[in-house]
Amino acid sequence: IDTREQENNSVSAAHSMFEQLKQSFQRSSQKQYGHFDRELSDNPLPQWIKEQQSNKASFASISLRMMEHLQQLMGNNDEVFSSHILFALENVLEQDVMYIFWVNHVDANHIDNNLDVASARFVDPTKLQYAAKIYISEWLEQDSQKYLALLSARGNKTLSDSLIAFVGYANGVDIVEETSEFLGILDQYTESLPEEKTTEFKGRILDYCVEQDKIGRPIVFDEISTQLDEAAPKQFSDFVTENQQTPKTEIYTDRNSLKRYVRYFGRDKDMSISFSADRFGEDIIYDPQSGSLTIKSIPKSLRQQLLKNKTQTQTGEPDISEEQQ
């Protein structure tokens, strides 16, 4: 283990790299939300973080302890692990947040001043294999079920399990289930709206959900309700709360579930179909008895391809331009 004796300052290149890593983490759709596993009584991270928060230990010293803890866990398996781990402590609106990133490097070539080609390694912040975000203030003040966000790649189970054990993560919320419940409630609510307003209403809510997900924030029902109707700012949020199995004021959403709600899509080896959900029932009609899908209006580019193919079939000759020849 090689570590810095002191932290990088907040105006260094390291801070710029941290911002890029943080943005990639926030935009990832693979995040899970949970908490420290309460059954792991030997997990030292919570106590070390409390020591740092109470000024009994420096951030640099607990970072070193964490690395030694990770080294010990990695020593229990045969996988080679050689990489850089970045620990960062951020204060946003008087709320402390800790980040842990496995920094990914990419090999590349460059041409030096002597016109020789040399190899180089650079940080690629867009490819995160492992990252953790601990909402320290939320944990210490509320001890909720979702103060620990985790991103862990599935490529190497041994490394992934070691890194999850390192932070002591336990799943706290099922965001797929919560998103599904919310979208079902949204469908119920829009049933009472005029048909011409349904698409616009759903679109505004889903745009809000996607934007919140991209910046790593939950959807807050009171917030979106106020934006939807300033004259009745609690109407939508009250409806959501009344119809939830377990009432909540906010939830994190699953991006893939949102995408499936906005679009219908399917594929096999010979065909791929995708279309916006607001066209279903209008110019795209499904007959469940025959299993057929009728499309009344098709994109211009597809229509041109079909017409071109029909012409070729009738003449028996391919339409080859001079440029293609």
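Refer to the structure printed above.
Residue indices begin from 1 for each chain and proceed along its sequence in written order. Where local features are concerned, this predicted model is filtered to residues with pLDDT of at least 70; where side-chain atom pairs are given and counted, the filter is 80 or more; whole-chain, interface and lining totals use all residues. As a rule here, side-chain values cover all heavy atoms of the structure and leave hydrogens and water aside.

J.: Describe the overall build of the protein, with residues and values.
T.: Elements are defined by DSSP. Helices are runs of H or I of four residues or more, strands are runs of E of two residues or more, and each kind is numbered from the N terminus. Across its full length, the protein holds 11 helices and 14 strands. For a compact globule of 325 residues, the expected C-alpha radius of gyration is about 20 Å, and the protein comes in at 26 Å, more than 25% above that figure. A principal-axis box enclosing the C-alpha atoms of the protein has dimensions of 80 × 65 × 40 Å. Looking at the 325 residues of the protein, the share that counts as buried comes to 36%. Residue contacts are counted whenever heavy atoms from the two residues lie within 4.5 Å of one another. Taking as baseline every contact in the protein between residues at least 6 positions apart, the subset at least 24 positions apart corresponds to 58%. Summed over all atoms, the accessible surface of the protein reaches about 20700 Å², with 47% contributed by carbon and sulfur. The convention is simple: Lys and Arg are positive, Asp and Glu are negative, and His and the chain ends are not counted. Here the site of a charge means atom NZ of a Lys, CZ of an Arg, CG of an Asp or CD of a Glu. Taken together, the 33 basic and 52 acidic charged side chains of the protein have centroids lying 3 Å from each other. We compute the radius of gyration from the C-alpha atoms alone; for a globule the expected value is 2.2 Å times N to the 0.38, where N is the number of residues. Note on exposure labels: buried denotes an accessible area under 20% of the residue type's maximum, exposed denotes more than 50%, and partly exposed covers the range between, all computed with a 1.4 Å probe on protein chains only. Residue burial considers only the protein chains on display, and all accessible areas are found by Shrake-Rupley using a 1.4 Å probe.

J.: Can you tell me about empty space enclosed by the protein, naming the residues and giving the values?
T.: Lining residues are those with an atom within 4 Å of a point, where the points come from a 1 Å grid over the protein atoms alone and group into cavities, where a 1.4 Å probe fits but cannot get out, or pockets, open sets with protein on both sides within 12 Å along at least five of seven lines. Grid points are joined across faces, edges and corners, and a volume is the space filled by probe spheres set on the points. Taken as a whole and judged by the stated rule, the model has 2 cavities of 30 Å³ or more. In this structure, the largest cavity spans a volume of roughly 60 Å³. Around the largest cavity, the lining residues are Ser-28, Ser-29, Lys-31, Tyr-33, Ile-175, Asp-213, Tyr-252, Thr-253, Asp-254 and Arg-255. Classes in brief: Ala, Val, Leu, Ile, Met, Phe, Trp, Tyr, Cys and Pro nonpolar; Asp, Glu, Lys and Arg charged; the others, Gly included, polar. Partitioning the lining of the largest cavity into residue classes produces 3 nonpolar, 3 polar and 4 charged. Considering only enclosed or pocket space, the second largest cavity measures out at about 40 Å³ in volume.

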